[in-house]
Amino acid sequence: MAIDFLIKDLAYNQQQNKLTIFGETEETQPTFVIRKRPNHRNFEFPLEMELPFLTAGNRYEITINLAELLQDSRLQQEDRLLVYMIANGEEILLDATQFKEYKFDHVYHEESVLKLVPYITQDCVIALYLKELDINPVIKNLQYNEGQLSCYIDTPGKDADRLRTKELSLVLKKRSQTNMRFHEEIIEVPALIKQPTGIDLQIDVSKALSIPNDDKEFCWDLYLKCYGEKPAANSCEFNLKVGEGTATSFSYAPLKANHFYQAKPFVTGDKRLALYVSDMPTKIVAEEVIDAEDHIKITFNSSLLQRSENSPLHVVVKRRSYVGSKFEYYDTAFFEVERTDSSYCARISKSSILHSHVLRIDETWDFFVRVKNEAGHTADLHIDVPQEKKENYNYFPVTGKQDKEFKAKLFVNGASRLSLYVADAQKLGKSPIKVAVLGTCFSRNAFNSGPYFNPGYKEMFNCVFTQFHSSLISLVSDPVELGDKNLNNIRPNDIEFVEMDHKKTFFDQLKQAQPDYFIIDLYSDASKSVIQFSENQFVSCSYMLEESDYVKHLEPEARLITHLDNAAYFELWKKAVHVFVEELTKIIPQERIILNKGRFTTTYLDKERQVKTFSDVEMINRNNYFWAKLDNYFLHIMPSVKTIDLTDTSYIGDINYPFGLSYSHYEKEYYKEFFNRLLKLVAIDEFNQ
């Protein structure tokens, strides 16, 4: 039989800083403890303290000394404590369901910078929460000149008086991924001077910040840190908000630790003060890139190199590794630089360019020039290739440490910089696999070479045909005359999809494309309406038409078939899908058809990388439910098709999606996972052959 403890009453004495629990249990020799709840972000050593109690028969009086907790240096800001009873090798949380409406005031201690409040959790158990003092620092009179930052910090809040006797410091926390709210490095600076009603801040930013490594941009978030008096060594931190009317536009100043980097204050989206650091906006410009038979010759120059205090040391080739939204580099190869009149030149032997490294298939190496100034500061600057200098380069044999054949070729990447791509020599003779897509960004953006999606996809796949945002109901119906309907608001790139949807040329064009694989997602039929013009004339009411003048100039007989009656839509769609499947399998067998079981997301990451919820979750859930029905029926009549199902992942939307925020626009890892699963399906087919 499970152990049990019945709380009869709670007594809260704020003057004595004590909470007393009165209750009953039939267990013999129970003990009561208070235990810190585990931190799900970072592991911490368990913390448990036994609570004193009085007993008379089966009645118990348990006392929690709140003042002692506030003086315990092991407890810090945002810690939560739970109360347990332990008996006969079992333990339970103390259930306070009958007291769930109780409200408690905060408890303070003069030596602590925290305050503690008892509360009843949503699960109706007794808990204690340690939080920072009620102080809301506000930046005023912000100034920044030649790397010197100064300002006045006002400290309003009902606990402001408790700040006067406490030790203060400024804390800077480095955020390498500027779009993610987590920190990699912490600097504490004694830059604060307390005044009668606030705090003066003075800091030499150019001197305080650490020397960057390969980071080209990052930021430091600023916090006010407050320490308790000994023996209470706990502390708390406060965001520094920027007050209304405070100047926020400043020029960069170079860092003294490395003159090739610069910093300036900026205000984040939620009005916090931070420092933004970037490398100097100086370019190394390639004047000539010669892809000779046995060597690569790079001639370059820069206004930076014309200044006597700066000199190029080497051309550096670095293996690119992805981390978050940026790159990092560990493996490098160095090549000498020669001075030629007013330019600089590096000649790199193709046979030895990467010979000291273990090479990997489908990897990229980026080219830099390492520059050094008279102060000994160094920086690795990308080599930019002007548009008029861009060429198509050829593959050449390249050797690494391992006994395997590789080939590499130069290319100008999406940022117009010089890079080197390494491929498997044995696979280069093969043509990319041809794919056709009927669907939406769920499927098509896996074949997008932008950095957010799959930059190297063209080495493996050639997307030979796309029909974007069309309903199957429309594609199998009779043609609809497009005529002079107003298409002014439709982007030129989208007009071809609208025309195909009207002319019903889908199957003819698919047949001409001769794809190896056909990928389909049913987004359009799961969520969008169709426009009916006659008994067998339909047009997809895609976002392209919804946002155009087209829908404003329809004939009176045009009828909109929406998802308000999904049962009727489903019956219409089932008739269409049978016709669609019959025509499709004349062109490509079921085994080469891939159904992408996409779904809409209810949540997304905002600019601060916090998870937010879309406003119309009910509509999203409705569409996902119907999408599942469509997928199920499609698989029912096409049992041999392949599927890619990412509903077993935890990916969500992302405000940084290149084409805008939407419940159909996912974080970038989604598209890379889709690509990996597609590669696996293709590899299995090749193995079976």
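No experiment lies behind these values; they were computed from the predicted model shown.

Here we come to the overall build of the protein. Looking only at helices and strands, the protein features twelve helices and 44 strands. Here the C-alpha coordinates of the protein stretch approximately 90 × 75 × 55 Å along the principal axes. Burial analysis of the protein (689 residues in total) assigns 50% to the buried set. Here the contacts in the protein between residues at least 6 apart in sequence split such that 68% fall between residues at least 24 apart. With the model as given, the accessible surface of the protein reaches about 33900 Å², and the carbon-plus-sulfur share is 47%.

Opposite charge on two side chains makes pairing possible when the charged atoms of those side chains draw close. Scanning all chains against the criterion turns up 35 salt bridges. Taking the shortest distance from any N to any O, the salt bridge between Glu24 and Arg59 comes out at 3.8 Å. Residue Glu24 is located in strand β2 (residues 18-24), and its partner Arg59 is located in strand β6 (residues 59-65); the two are separated by 35 residues in the primary sequence. Taking the relative accessible area as the measure of exposure, Arg59 reaches 54% and is therefore exposed. Residue Asp270 is joined to Arg272 by a salt bridge in which the shortest nitrogen-to-oxygen separation is 3.0 Å. According to the relative accessible area criterion, Asp270 is partly exposed, its value standing at 26%. Look at Arg272 and you get buried, because its relative accessible area is 1%. If you follow the salt bridges from partner to partner, you end up with Arg175, Asp221, Asp270, Arg272 and Glu608 in one network.

Quick look at the sheet that holds strand β1 (residues 6-13) now. The antiparallel open sheet is built from four strands, whose spatial order is β1-β2-β6-β5. Bordering the open sheet on either side are β1 and β5 (53-56), each of which pairs with just one other strand. Recorded for the sheet is a direction-independent mean angle of 15° between the axes of neighbouring strands. Where β5 meets β6, four bridges bridge the pair, whose relative direction is antiparallel. The partner of Phe53 across the bridge, within β6, is Ile62.

Spanning 21 residues, helix α11 (residues 617-637) covers 31 Å between terminal C-alpha atoms, matching the ideal 30 Å at 1.5 Å per step. Among the residues of α11, Met619, Ile620, Asn623, Asn624, Phe626, Trp627, Leu630, Asp631, Tyr633, Phe634 and Ile637 are the ones counted as buried. Contacts made by the buried residues of α11 are with α4 (441-444), β36 (517-520), α8 (523-527), α10 (566-584) and β40 (593-596).

Taken in spatial order, the five strands make up an open sheet running β15-β16-β12-β11-β19, and their pairing is mixed. Edge strands, defined here as strands with exactly one partner in the open sheet, are β15 (192-194) and β19 (241-242). Summarising the sheet, strand β12 (residues 148-154) and strand β16 (residues 198-204) pair through seven bridges and their orientation is antiparallel. Considered in β16, the bridge of Ser150 is made with Gln202.

Turning our attention to the state of the cysteines. Linking two cysteines covalently through their sulfur atoms gives a disulfide. A full pass over the atoms with the stated rule returns zero disulfides. The cysteine Cys441 is free of any disulfide, with Cys463 supplying the nearest cysteine sulfur at 14 Å. On the basis of relative accessibility, which here comes to 16%, the residue Cys463 falls in the buried class.

Right, let's get into the confidence of the model for the protein. Mean pLDDT over the protein stands at 89; residues scoring 70 or higher make up 97%. Confidence scores differ between elements of the protein, with helix α3 (residues 303-306) showing the lowest mean pLDDT of 78 and β36 the highest of 97.

So, on to the packing of helix α7 (residues 506-513) against α10. Contact geometry for α7 and α10: axes closest at 11 Å, N-to-C directions at 30°. Between α7 and α10, the interaxial angle falls into the category roughly parallel. The hand of the α7/α10 crossing is right-handed. Touching Phe506, Phe507 and Leu510 of α7 are Phe580, Glu583 and Leu584, all from α10.

A positive phi angle is found at Lys271, which is not glycine, with a value near 70°. Looking at the element boundaries, Lys271 is found in the loop between β21 (258-267) and β22 (273-279). Although it is not a glycine, Arg609 adopts a positive phi angle of roughly 65°. Tracing the backbone shows Arg609 in the loop between β41 (603-605) and β42 (611-613). Arg609 gets classed as buried once you look at its relative accessible area, which sits at 14%.

As paired elements, strand β7 (residues 80-87) and strand β8 (residues 90-93) share four bridges and run antiparallel to each other. What sits directly across from Ile86, in β8, is Glu91. Linking two consecutive strands that pair antiparallel, namely β7 and β8, is a turn of two residues; a positive phi of about 55° is found at Asn88 within it.

Quick notes on the rules
Numbering of residues begins from 1 in every chain and follows the order in which that chain's sequence is written. At least 70 in pLDDT is required for a residue's local features to be given in this predicted model, at least 80 for side-chain atom pairs to be given and counted, and no such filter applies to totals for whole chains, interfaces and linings, which use all residues. For side-chain calculations, the full set of non-hydrogen atoms in the structure is used, while hydrogens and water are omitted. Numbering of helices and strands runs from the N terminus; a helix is a DSSP stretch of H or I covering at least four residues, while a strand is a stretch of E covering at least two. When a residue's accessible area, from a 1.4 Å probe over protein chains only, is under 20% of the maximum for its type it is buried; when over 50% it is exposed; and in between it is partly exposed. Contacts are assigned to residue pairs with any non-hydrogen atoms lying within 4.5 Å of each other. The Shrake-Rupley method, run with a 1.4 Å probe sphere, supplies the accessible areas, and residue values consider only the shown protein chains as cover. In the sections that follow, a salt bridge refers to a side-chain nitrogen of Lys or Arg positioned within 4 Å of a carboxyl oxygen of Asp or Glu. By this definition, two strands are paired if DSSP reports at least two bridges between them. Each axis is a line fitted through C-alpha atoms, taken for helices only over the stretch in contact, and angles between the N-to-C directions span 0 to 180 degrees. For a helix, the expected span equals 1.5 Å multiplied by the number of residues minus one. Cysteine sulfur pairs qualify as disulfides if the two atoms are within 2.5 Å. Values of pLDDT, the confidence the predictor places in each residue, fall between 0 and 100. By definition in this entry, angles of less than 35 degrees are roughly parallel, angles greater than 145 are roughly antiparallel, angles of 65 to 115 are roughly perpendicular, and the rest are oblique. Crossings are sorted by hand: turned counterclockwise from the far helix by less than a right angle, the near helix makes the crossing left-handed, and turned clockwise it makes it right-handed.

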